Amino acid sequence: MPPQGFPRCLRLLNAGDFSHVFEQADLKVHGKGMMALARMSTRGYPRIGLVVSKKNVKRAVDRNRFKRLVRESARLRQHHLPSMDIVILAKRGVQDIDNETLNRQLHGMWKRLQRDAQTVSVAPPIDGVTRDT
């Protein structure tokens, strides 16, 4: 069984990593209370970043619960996800979703990212230009 940890190398840590995804996202997946932006990578493993603003989720306990559930879901699915940088954005109302529903939403988002990544990775580059990571 492969290791199930969630080390720093599997996280988007600095503003450059996040802006890299925001500027040229290859995929966008919407879920109830959240959205995922993803950009293909050549690293060989997925990296996850979280954006949970005080404007959208008022209480710190709700922001932390959301982040904890997303990290745990990503940790368990990391070996099934394609090599990409993924940013999960929390939308208004995510604090009202119970844990079970949130986990189902995340599971569906990971599956859609997997499926959509296969179509993006086989698509020919536009104008013969490839994106660097």
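Within each chain, residue numbers correspond to sequence positions counted from 1 in written order. Reporting in this predicted model follows two pLDDT cut-offs: at least 70 for local features of residues, and 80 or more for side-chain atom pairs to be given and counted; totals over whole chains, interfaces and linings ignore these cut-offs and use all residues. Computation of side-chain values: all heavy atoms of the structure, hydrogens and water removed.

As recorded by an unreviewed UniProt entry, the protein chain carries the name Ribonuclease P protein component and is attributed to Vreelandella populi. UniProt positions are given in the numbering used here, feature names are shortened, and annotations may be inferred rather than shown by experiment. According to the UniProt record, the Sequence similarities (unreviewed entry) comment for the protein chain reads "Belongs to the RnpA family." Recorded under Catalytic activity (unreviewed entry), the UniProt text for the protein chain is reproduced unchanged: "Endonucleolytic cleavage of RNA, removing 5'-extranucleotides from tRNA precursor."

A. Quick peek at the nonpolar core. If you look at the biggest cluster of nonpolar residues, it comprises 29 residues, and the most contacted ones within it are Phe66, Met84, Ile86, Ile88, Trp110 and Leu113. Here a strand is any run of E in DSSP of at least two residues, a helix any run of H or I of at least four, and the numbering for each starts at the N terminus. Contributing elements (two or more residues each) for this core: β1 (27-31), β2 (34-40), β3 (47-51), α2 (60-77), β4 (84-90) and α3 (99-122). In terms of residue count, α3 provides more of this core than any other element does, six residues in total. Here, residues are in contact when the closest pair of their heavy atoms is within 4.5 Å. Other than its neighbours up to four places away in sequence, Phe66 contacts Met34, Val52, Ile88, Ala90, Val94 and Leu102. As used here, the term nonpolar core means buried Ala, Val, Leu, Ile, Met, Phe, Trp, Tyr and Cys residues forming a set that is joined through side-chain atoms within 4.5 Å. Burial classification: accessible surface area is computed with a 1.4 Å probe over protein chains only, and a residue below 20% of its type maximum counts as buried, one above 50% as exposed, and the rest as partly exposed. Residues Leu12, Phe18, Val21 and Met35 belong to the second largest nonpolar core, which totals seven residues.

B. Representation of the environment of Cys9 in the model. Its place among the elements puts Cys9 in the segment before α1 (15-23). Classification of Cys9 by relative accessible area gives partly exposed; the value is 42%. Distance in space between the C-alpha atoms of Cys9 and Ile48 is 9.5 Å, their sequence separation being 39 residues. Cys9 has contacts with Tyr45 and Arg47, leaving out every residue within four places of it along the chain.

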